[in-house]
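Inside the fold
One-letter residues, chain by chain:
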Amino acid sequence: MKKILIFYLTLISAIVFFTEKLSAQSLCASVDSLYREEIVFSTDRDLYLNGENIWFQAVCTANKPEIEPLLSKILYVEMYSASGQIIYSGKYLMHNQITSGYIPVPENINSENYYLRAYTQYMRNFSPATFANLSITIINPDKFFASSQSQELIFASEYEFLPVNHPSNVALFVNPKLQKSLEKISLWESFSQKEEFISIAQNGLASIQITAQENSEFSIKIYHKNGKIEQKNLPKPSKNVFLLKTTADKYSINCKLENSAAKKEKYILKVKSLQFNNLYTTEIELGEEIELPLACAENEIFYFQVTDLNNKTVFFSARSFFAKEKKSLKINNLSTYYAPRTKVDFTIANEQNLSASLTWLSVKKCQTTSEKNELPIELVYNPNLLANYFRTHTFEDDFSQNQLNSLLILYQKFHQQTDFLAKAEKRNSEFWLPEMRDVSISGKILDKNTQKPLANEKVYATVFGKNEQVHLCKTDGKGDFSFNLNHLSGNQNVSISVQSTDSLQKEILIQNDFCKNFMFSPEIPLFVESLNTSFLEDLYLNAQICKSYSPFVTLQESNAVFQSATSLSFPVKVELKDFIKIPVMREVIDEITPFVTTQKVKDGFILNIYNEKEGLVYKEPLVMVDFVPVFNINSILALKPEEISQIEVNNQTQYLGNFDIKGCINIRTKAKQLGGIKFPQQTVFLNFKGYQPEVKAKFNSYFSSEEFENRLPDFRNLLYFGSFNKIPENFSFYTSDSEGFYSMKFLFFDGKKIKEIEHFFEVKKNIP
C-alpha cells in the first residue's frame, strides 16, 4: 500500500510540474494534465422545513481513468449561509466512489436560501468553484424574515457591443416581485420605431435575438400596471467585435475567430470546463479555423477565452453543446392516480442497454403535476451553482436548452464586472494530499521564536478514549506533517505532540480539516411571491405529524471488522488494585512495575526499560498517560497512585510505521482524564470530527393488511429516497396518507453524466 501511495503522489507531483511548465509556454497548444476529482451531489428535494432531514447521494469521479481506484475516500459536506455561518459540517466514507447520508435541519434556523457544498481534501488544491455547490430553501414559520431584494431586472448582451450584421442574443431576468407589477416587456428599436414583445417564463428568464445595423438603437421597455414605463438601453452596435464561431461533434470542437475591423494577428485561445478548470490552450489566428480535441458526445458547457499576446481578454463566452443522440430509459406501468397507502409498482425499460454505476430514486411532494423544465431562480445569482445542477439534470427539450443559454448570457455580465474568474482559477498555496485510506489530520511544526518551519521532527498523533490509536511521522522539508486516523467515526479526542528542549521551543499549527474559503456566496433572495402558501402549509402540517408519530431514520451498523488501529501492544499489565496502597508514584514504578526503573538526572528523572532478551536498557522509551505522550517524566512521578488503575509495559522493540519504538509505557487513570497533568504548548488537544456513521432512510410498507390498517398517521413529504448500484428492472414503494401531487425522479449516473426521468402522479382517496 505504501509503495502505491508513493507512486500516486509522485505521479501527481510530476503532472503538476509538467502542467505549470506548459502554462508558461503560452504559444504552445497544451492540454491540462492535472489529476482532478469532481463530485456529483444530489439531494432528495430543494425545499425543506425546519427540523426535517436533507437526504443526499454523492459520487466522486476523476479525469484519469488510469488511476484506479479513485484516490480520495472521504467526502466533506457543509451547509452554510450566505454570510459564511456554518450550519452543518460532516465527513462521509465513500465506498466505490459513492456515499450517502443526511443533514439535520436545525429547529431554530431562519427562513432563507442556504448553500450546500461537497468536496474531497485533494480538491482543496484548486478553487472552491470546482466543488459541488448547490442551493436549498429552508422555511421556518416562526422565523420568516423578508430578505433584501436584489436588482429587479437583470439583462445582458451576448457581446460587449452588438455586432453589426450578425445575430446576437440578449437575455433577461425579471424577479417574481417585479413580474407581479408588470404588464409587459418589449424590445424597442428607436431608429426604425419597431417594437417586439418579449415572452417571460415563470422563473423570470427570457431571451431575444437581435441583428443590429450601424444606426440601430435598441432598448428594453418595461410597462408597469400602474402606467409607468421604464426604458433601459442596450449596448451600441459596432463592427469591432470579436466573434468566436463554434461547432461540435462527438470527438472535437471547431472554432473560428472573426473580427472585420481588427488586424489579422495571433491570439491565445483558452478553453475551460464548467468548473473553470483549464482544459486546453492553443494559438489561434484571426480568420483561422482550428479543431480542438474536446469531445462533445454528451451535453457539455465550455468557457472560451481569447486574449491577445499581452494577456488582455478580447473575447469571453460560455457555450453549451447538446448531444444529438438522445439516450434514455422508459418507465412503464405507472398510473396518474394512486390511493393512500397503495403500492406503486413499475418497471424500467432499458432498450438501449445503457449502463449506470449508480441509480437513485427520489419521490417527493410537489406543487403541481405540470411543472415545466424551468431553471431554479437561485442559479441566476450564483454561477457557482450551475456545474452541479448541470451534471444532475438533463436538457433534452428546446425550452430547457433555451433557458440554459439565457442563463449563460446573464453570467457574461457577471464575469466582466467581477474578479470571479481570477478567483475561480486560483490554486491553493498549500498542497492537500488525497485521503486514500481514512480521515486525515495535518499541520506544521515551527520554531516558536523564529516562526521558521522545522524539518525532520518526530510528531505523535494519538486518539485517546474509546478508539485508541497511536501514529508517528516526521515533518518534511516545509515542516509539514500528515496522519491517517484509521476507521475513525464520530467525534474523537485527539492529541498532537512534539518534544521540545530548552534550546528549541516548538509550535504546532493544525490545518483546518474543512475549507474556510467560501469564495463567492451572495445572498439569494427568498422570493415569497414564488412560494405557494397552501402547499407550504401542507408540508408543515405533514412534517409536524411525522415528528410525533413516524421515525424515518435508522442507523445501519457496518458489518466490517477492523483490526486495532495501533500496532503497539502491551504484554505486561499491572493492576494497582492487586497491590497494597503505595503513596508515591516513583515507588509504584520501581517496586511493582516489571522492567521499568526511575533514574535521577540533572534536571529531574527519566524512565528506563530493561529488555531481558537482548540485555539492553532503553533510556528513551515512549511514555504515555491514557495514550497521550508525556515527555516530562517529572509530571509522571507527580501523579497520585490512587488515581491510577493500570500500568501497561512493553519492553521489546515495536514498529510504528517506519519507526522503531524501543520500549513503551502507558499509564491508565481511573477517570481517564490524563491524571491532571498540565501539558506544555508542544501538545495540542482537539475534538476531531471523524466520518459520519452510515445511515439509511426507513419508509413505511403496507404489504400486509395489518400494516395497512395501522392507525398511526403517515404524512411523509418524502415517500422514497435511495440508491442502487445498477439500473433496476423493477421497483416499488408505497404512498402515504397525504393527498396531493408527487414527483418521482430517477437519476442514472453513467460515470460522466446524469440521465434523468421524471414522472408526476396524484394521491387521492377518490380516484376518477
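Below you will find a few notes about this structure. (Residues numbered from 1 in each chain as written. Predicted model: local features only at pLDDT ≥ 70, side-chain atom pairs only at ≥ 80, totals over all residues. Heavy atoms only, no water.)

1. Details of the sheet that holds strand β4 (residues 53-62)
Strand pairing within a sheet occurs via backbone hydrogen bonds; the two strands may be parallel or antiparallel. Reading across from one edge, β2-β4-β7 is the order of the three strands in this open sheet, with antiparallel pairing throughout. Whereas interior strands pair on both sides, the edge strands pair on one side only; in this sheet they are β2 (37-43) and β7 (98-104). For this sheet, the mean angle separating the axes of adjacent strands, direction not counted, is 25°. Strand direction decides the pairing type here: β2 and β4, joined by seven bridges, are antiparallel. In the strand pairing of β4, Ile39 is matched with Cys60. (Pairing = 2+ DSSP bridges. Helix = DSSP H or I, 4+ residues; strand = E, 2+ residues; numbered from the N terminus. Axes fitted to C-alpha atoms, helices over the stretch in contact; angles between N-to-C directions.)

2. Some thoughts on empty space enclosed by the protein
Over the atoms a probe the size of a water molecule is rolled, and this reveals where empty space is left. One pass over the structure, following the stated rule, counts three cavities of 30 Å³ or more. Approximately 50 Å³ is the volume attributed to the largest cavity. What lines the largest cavity is simply Glu38, Ile39, Thr130, Phe131, Ala132, Gln275, Ala387 and Asn388. Only β2 and α4 (386-391) provide two or more residues apiece to the lining of the largest cavity. Here the lining of the largest cavity is built from residues that sort into four nonpolar, three polar and one charged. (1 Å grid on protein atoms, 1.4 Å probe; cavity = no way out; pocket = protein on both sides within 12 Å on 5 of 7 lines; lining within 4 Å. Points joined across faces, edges and corners; volume = space filled by probe spheres on them. Nonpolar A, V, L, I, M, F, W, Y, C, P; charged D, E, K, R; others polar.)

3. Here we look at the sheet that holds strand β20 (residues 253-258)
Read across the open sheet, the three strands follow the order β19-β20-β23; overall the sheet is antiparallel. Bordering the open sheet on either side are β19 (243-248) and β23 (289-292), each of which pairs with just one other strand. Ignoring which end each strand starts from, the neighbouring axes of this sheet average 25° apart. Sheet analysis places β20 next to β23, joined by four bridges and oriented antiparallel. Bridge assignment links Asn254 to a residue of β23, and that residue is Glu291.

4. Some thoughts on the side chain of Asn259
Within the secondary structure layout, Asn259 lies in the loop between β20 and β21 (266-272). Here Ala261 takes part through its backbone nitrogen, which lies 2.9 Å from a polar atom of the side chain of Asn259. With near-sequence residues (within four places) excluded, Asn259 lies in contact with Lys239, Asn240, Val241, Phe242 and Leu286. (Polar contact = N/O pair within 3.5 Å; in protein donor to acceptor, adjacent residues only side chain to side chain. Contact = heavy atoms within 4.5 Å.)

5. Details of the packing of aromatic side chains
What characterises a pair of aromatic rings is the spacing of the ring centres plus the angle enclosed by the ring planes. Under the defined criterion, the tally for this structure stands at 35 aromatic pairs. Between Tyr80 and Phe518, the aromatic rings sit 4.7 Å apart at their centres with planes inclined by 45°, giving tilted as the arrangement. Note that Tyr80 is positioned in strand β5 (residues 74-80) and Phe518 in the loop between β35 (506-510) and α7 (533-549), a separation of 438 residues in sequence. Overall, the relative accessible area of 3% leaves Tyr80 in the buried class. With relative accessibility at 18%, the residue Phe518 sits in the buried group. Aromatic side chains Tyr122 and Phe126 sit 5.9 Å apart centroid to centroid with 70° between the ring planes, which places their arrangement in the edge-to-face category. You can call Phe126 buried: its relative accessible area is 10%. Taken together, the ring pairs connect Tyr338, Phe346, Phe699, Tyr720, Phe731, Phe733, Tyr742, Phe746, Phe748 and Phe761 into an aromatic cluster. Arg124 extends its terminal NZ or CZ atom over the ring of Trp432, reaching a point 3.7 Å from the ring centre. (Phe/Tyr/Trp six-rings, centres within 6.5 Å; stacked < 30°, edge-to-face > 60°. Buried < 20%, exposed > 50% of the residue type's maximum accessible area, 1.4 Å probe, protein only. Lys NZ or Arg CZ within 6 Å of the ring centre and 35° of its normal.)

6. Observations concerning helix α8 (residues 585-592)
Those residues of α8 lying buried are Met585, Val588, Ile589 and Ile592. Along α8, the residues classed as buried sweep out an arc of 115° about the axis, all on the same side. The secondary structure elements touched by the buried residues of α8 are β37 (572-575), β38 (596-601), β39 (604-611), α9 (633-637), β43 (644-656) and β44 (659-669). (Arc of directions from axis to C-beta.)

7. Examining the nonpolar core
Within the largest apolar cluster, 56 residues are counted, with the highest numbers of intra-cluster contacts made by Ile39, Phe41, Met79 and Leu485. The biggest single contributor to this core is β5, with five residues. Beyond its immediate chain neighbours, meaning those up to four positions away, Ile39 contacts Ala58, Val59, Cys60, Leu75, Ala118, Tyr119, Thr120, Met123, Ala132, Asn388 and Arg391. Residues Phe464, Ile609, Val630 and Leu639 belong to the second largest nonpolar core, which totals 42 residues. (Core = buried A, V, L, I, M, F, W, Y, C linked by side-chain atoms within 4.5 Å.)

8. Notes on the environment of Ile222
Summarising the element assignment, Ile222 is placed in strand β16 (residues 218-224). Put simply, Ile222 and Ser186 are 36 residues apart on the chain and 6.8 Å apart in space, counted from C-alpha to C-alpha. In contact with Ile222, not counting residues within four places along its chain, are Leu153, Leu182, Lys184, Ile185, Lys228, Ile229, Glu230 and Lys232.

9. Concerning a nonpolar patch on the surface
Among the surface-exposed residues, Phe595, Tyr610 and Val617 lie close enough to one another that they form a single nonpolar patch of about 250 Å² accessible area. Along the chain, Tyr610 turns up in strand β39. (Patch = residues over 30% accessible without salt bridge, like charges linked within 9 Å, V, L, I, M, F, W, Y side chains within 5 Å. Areas by Shrake-Rupley, 256 points an atom, 1.4 Å probe, with all protein chains shown as cover. Salt bridge = Lys/Arg side-chain N within 4 Å of Asp/Glu carboxyl O.)

10. Considerations on unusual backbone geometry
Apart from glycine, the bulk of residues carry a negative phi angle, and the bulk of peptide bonds sit in the trans form. For Phe595, which is not glycine, the phi torsion reads 70° and is therefore positive. By the element assignment, Phe595 lies in the loop between α8 and β38. For Phe595, a relative accessible area of 30% corresponds to the partly exposed category. Notably, Lys672 is not glycine yet its phi reads approximately 55°, a positive angle. Mapped onto the fold, Lys672 is located in the loop between β44 and β45 (683-689).

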